[in-house]
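Notes for the structure review
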Amino acid sequence: MAETIFSKIIRKEIPADIVFESDTILAFRDINPQAPVHILIIPKQSIAYTTEIDGKKDAILLGALFDAANQIAKEQGIDKNGFRLVINCGDNGGQEVPHLHMHLLGGRKMKWPPG
Ligand code: 5GP
C-alpha cells in the first residue's frame, strides 16, 4: 500500500487525538471536523480502498471496525440520538486519503442526500 498520512499516524510519527486503539484498529479525531464528534476509524493493515476488501477474508476486521464504531459512539455520548458512519471510496466517492477509513459523525442532525 502507498504510504499515507495515516501510516504516519499509525506509527505515531505525527500526532493525532487518538480515542481508541487495538491490535488491528486505530481511531482518532478528524483534523477538520464536520460535526461536533468526527472520528476516523481505520484498520492498521494495508487496505487502500473498499474495493480491496474480501468479505470472507476480512470479516473479522470488518466486524472489529463496527464494534469500535459502536463503542466509541457510546463513549462519546452520541449512541442514543444516532450518528452517521461514512466510507468514501475513490475519486467520485470523495476519498482523499487512500487508506480505508470509516468516518463516525455525530452530535448534530445530519442532512440527506450528501453533497
Ligand atoms: P476522506 O476524504 O479520504 O474520506 O477523508 C479523509 C479525512 O482525513 C478528512 O476528513 C480529513 O480532514 C482527514 N485528515 C487528513 N489529514 C489528516 C491528519 O493529518 N490528521 C487527522 N486527524 N485527520 C486528517
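Residues numbered from 1 in each chain as written. Predicted model: local features only at pLDDT ≥ 70, side-chain atom pairs only at ≥ 80, totals over all residues. Heavy atoms only, no water.

**Things to note about the pairing of strand E3 (residues 37-43)**
- Here E3 lies mainly inside the structure; 7 of its 7 residues are buried.
- Burial of the side chains of E3 extends over both faces: Val37, Ile39, Ile41 and Pro43 are buried on one face and His38, Leu40 and Ile42 on the other.
- Pairing analysis gives 5 bridges linking strand E2 (residues 25-29) to E3, with the strands arranged antiparallel. Its bridge partner being in E3, Arg29 is matched across the sheet by Ile39.
- Pairing between E3 and strand E5 (residues 102-106): 5 bridges, direction antiparallel. For Val37, the partnering residue across the bridge sits in E5 and is Gly106. (Buried < 20%, exposed > 50% of the residue type's maximum accessible area, 1.4 Å probe, protein only. Helix = DSSP H or I, 4+ residues; strand = E, 2+ residues; numbered from the N terminus. Pairing = 2+ DSSP bridges.)

**Things to note about the site of the ligand**
- Surveying the vicinity of the ligand reveals 16 residues, the closest of which are Asp30, Asn88, Glu96, His101 and His103.
- The separation between an oxygen atom of the ligand and a polar main-chain atom of Gly94 is 3.0 Å.
- Within the side chain of His103, one N or O atom sits 2.8 Å away from an oxygen atom of the ligand.
- Considered on its own, the ligand offers 510 Å² of accessible surface; in the complex 85% of this is hidden by protein.
- Mapped onto the shell around the ligand, the elements with two or more residues apiece are helix H1 (5-10) and E2.
- Take the shell around the ligand: its biggest share by element is 3 residues, from H1. (Near = heavy atom within 4 Å. Polar contact = N/O pair within 3.5 Å; in protein donor to acceptor, adjacent residues only side chain to side chain. Areas by Shrake-Rupley, 256 points an atom, 1.4 Å probe, with all protein chains shown as cover.)

**Regarding the pattern of salt bridges**
- In total, this model carries 8 salt bridges according to the counting rule given.
- The salt bridge partner of Glu21 is Lys12, with a shortest N-O separation of 3.0 Å.
- Classification of Glu21 as partly exposed rests on a relative accessible area of 39%.
- Among the residues examined, Lys12 registers a relative accessible area of 47% and is labelled partly exposed. (Salt bridge = Lys/Arg side-chain N within 4 Å of Asp/Glu carboxyl O.)

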